[in-house]
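Below, each chain spelled out in residue letters.
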Amino acid sequence: MQVIKYVFQPHGDERGQLVALEEDKDIPFAIKRVYYMYDTVEGVVRGKHAHKSLEQILVCIHGSCKILLDDGKEKKIVPLEKPYEGLYVANNMWREMFDFSDDAVLMVLASDFYNEEDYIRDYNAFLSYTKV
Ligand code: TYD
């Protein structure tokens, strides 16, 4: 499995840092939705699903967390701890988010609107789906 982690270019000067993300340039798709999670309770595992079509970029813009990626054959754990790093999560990829620091803010840029029908929430169903 290839892990695609983007390193975005911060525009830093004496005032601090700024990262700008533009669709189809810094982000490899048109961004239709942005959401973020924060105040995540210690020990919680979020995600635990795959998407049939949705593509996403995960950016831990504050604090840190870990992402488990599972393509049905192989699993990889990717730490996200810098506000200028983005993890690409393709469709047909099981993901779990965990080990959130108290101050973690995990922002997700998504290629489409929220659509429950695009979710695969059952792990065995995911394994069958990826084998088709
Ligand atoms: P959920 O899918 O459980 O989050 P995750 O799988 O990332 O841990 O989403 C939590 C709630 O938020 C659920 O009621 C659905 C809602 N939600 C939206 O309304 N829009 C969205 O874009 C997302 C991601 C979730």
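Here the structure is shown first, and the text comes after it.
Remember, it's a predicted structure, so these values are computed and weren't measured experimentally.

Thresholds, definitions, all that
- Residues numbered from 1 in each chain as written.
- Predicted model: local features only at pLDDT ≥ 70, side-chain atom pairs only at ≥ 80, totals over all residues.
- Heavy atoms only, no water.
- Pairing = 2+ DSSP bridges.
- Helix = DSSP H or I, 4+ residues; strand = E, 2+ residues; numbered from the N terminus.
- 1 Å grid on protein atoms, 1.4 Å probe; cavity = no way out; pocket = protein on both sides within 12 Å on 5 of 7 lines; lining within 4 Å.
- Points joined across faces, edges and corners; volume = space filled by probe spheres on them.
- Nonpolar A, V, L, I, M, F, W, Y, C, P; charged D, E, K, R; others polar.

I would appreciate a short explanation of the sheet that holds strand 10 (residues 119–120) in the present structure.
Whether parallel or antiparallel, the strands of a sheet pair through hydrogen bonds between backbone atoms. Taken in spatial order, the 5 strands make up an open sheet running 6-5-8-3-10, and their pairing is antiparallel. In this open sheet, the two edge strands, each paired with only one partner strand, are strand 6 (75–80) and strand 10. In terms of strand pairing, strand 3 (residues 46–51) meets strand 10 through 2 bridges, oriented antiparallel. Looking across to strand 10, one finds that Ala 50 is bridged to Ile 120.

Sorry, what's going on with unusual backbone geometry here?
Backbone geometry follows two general trends: most residues other than glycine have a negative phi, and most peptide bonds adopt the trans configuration. You will see that Asp 39, though not glycine, has its phi angle at about 55°, which is positive. Looking at where Asp 39 falls in the secondary structure, it is placed in the loop between strand 2 (33–37) and strand 3.

How do you make sense of the layout of surface pockets when you look at a structure like this?
Over the atoms, a rolling probe the size of a water molecule traces out where space has been left empty. Here the largest pocket defines a volume of roughly 150 Å³. Forming the walls of the largest pocket are Arg 33, Tyr 35, Met 37, Arg 46, Gly 47, His 49, Met 97, Tyr 114, Tyr 119 and Arg 121. Counting residues per element, the ones that place at least two in the lining of the largest pocket are strand 2 and strand 3. The class makeup of the residues in the lining of the largest pocket is 5 nonpolar, 2 polar and 3 charged.

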